[in-house]
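Summary of structural features
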Amino acid sequence: MFIVLLICGGLVVFYLLLCVTVLHLPKCKSTAKLHRKTVIVTGANTGIGKATALDLAKRGARVILACRDEIRAQAAVTDIQMESGNKEVLYMHLDLASLKSVRSFAENFLKKESRLDILINNAGLVIDGKTEDGFGRIFGVNHLGHFLLTILLLERLKECGPSRVVTVSSMAHWWGKIDFDCINTHKDLGLGNSAVALLGMYSHSKLCNVLFTHELAKRLKGSNVTCYSLHPGAIKTDIGRHSNLWWRLFMAPILLLFFSDVESGAQTSLYCALEEGIEPLSGCYFSGCAVQNLTAKARDDAVAKKLWEVSERLVGLA
């Protein structure tokens, strides 16, 4: 019994050490105020996006929650308005799985809103299926939808500069690859619908996010718009809410013990959106509120340029 208690005590101590070291995420220390500034946050009705939108609203920004589910988004608007005391928080419909919806959102936004100071491409999912336009859903939502949205809003960002584009990627991009043959043949980043296959495609989409930011920075050089990609940390979100029951049951204890809360997950997004002096780091990748080194495949100029050109063609811009 003594040995069992000793082992249990050691595990508890080890877990507590993890909580204050590896699992502890730094906070964004910016004191920036955002009165008379306008921000778009995609997927802001839940998780990291909602926590990000709340912080920005507390700083006085006009915050647009760009979401697909109107009921959940309106509930988030009410929550954020009440907690922040800021009534300049509103919902606009955006379904990233529909290029028509992305274009409609951009058109409506540009008609109704005179400013755009920060665009946060936050939404992401892990789910099987196809988009309205026939793309793999992970590819379409996590990359193509945000790609088109950003391009359509770039001129407004330039007009209101200095402004920023922040794209939430993931350390999962380490395991990603870009298979252009698969994209051209199947309009997807990979094949299969098993949990392993879907996680693989999620990793590929997160590599797309990093490469998109890398190329976007090159194209924005000389302008007053900067861009950043980031890993938010291992965070308890409902990104896998569409996964099957057995996968969610398997993940539940892991999420509970080893993943941080959504407020912690919003900190690097906020850092990239608000921190002064990081303009020379446009195109870089951040984690833990600090710039990180990228692997060669995540900063490959040729692949980033080709991905941009292929994406332009797929969304009808070329």
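Figured I'd write up the structure that's included with this text. (Residues numbered from 1 in each chain as written. Predicted model: local features only at pLDDT ≥ 70, side-chain atom pairs only at ≥ 80, totals over all residues. Heavy atoms only, no water.)

1. Considerations on the packing of helix α5 (residues 137–159) against helix α7 (residues 195–219)
When two helices pack together, their arrangement is captured by the angle between the axes and the distance separating the axes. Using the following cut-off: Inter-axis angles, ranging from 0 to 180 degrees, are taken between N-to-C directions of lines fitted to C-alpha atoms, where helices are fitted over the stretch in contact. A run of H or I in DSSP becomes a helix once it reaches four residues, and a run of E becomes a strand once it reaches two; helices and strands are each numbered from the N terminus. Angle categories: roughly parallel below 35 degrees, roughly antiparallel above 145, roughly perpendicular from 65 to 115, and oblique for all the rest. When the near helix sits turned anticlockwise from the far one by under a right angle, the crossing is termed left-handed; a clockwise turn instead gives a right-handed crossing. By definition, residues are in contact when any of their heavy atoms lie within 4.5 Å. Residue classes follow a fixed rule: Ala, Val, Leu, Ile, Met, Phe, Trp, Tyr, Cys and Pro count as nonpolar, while Asp, Glu, Lys and Arg count as charged, and any other residue, Gly among them, counts as polar.
The contact between α5 and α7 brings their axes to 8 Å, and the two run at 20°. Regarding the angle of α5 to α7, the classification is roughly parallel. Remark: the crossing between α5 and α7 carries right-handed chirality. Across the interface between the two elements, I138, N142, H143, F147, T150 and L154 from α5 touch L198, M201, Y202, S205, K206, C208, N209, F212 and L216 from α7. Each residue belonging to the contact of α5 with α7 can be placed in one class, and the counts come to nine nonpolar, five polar and one charged.

2. Points about the sheet that holds strand β6 (residues 225–231)
Note the following rule: Two strands qualify as a pair provided that DSSP identifies no fewer than 2 bridges between them.
Ordered in space as β3-β2-β1-β4-β5-β6-β7-β8, the eight strands form an open sheet in which the pairing is mixed. Strand pairing shows two members of the sheet lacking a second neighbour, β3 (89–93) and β8 (290–292), which therefore form its edges. Within the sheet, the average angular offset between the axes of one strand and its neighbour, ignoring direction, is 25°. Note: strand β2 (residues 62–67) against β3, five bridges, orientation parallel. Within the sheet, the bridge partner assigned to L65 lies in β3 and is Y91. Packing of helix α3 (residues 70–84) onto the sheet brings it into contact with β2 and β3, and relative to β3 it is tilted by some 165°. Seen against the sheet, α7 touches β4 (118–121), β5 (163–168), β6 and β7 (285–287) and runs at an angle of roughly 160° to β6.

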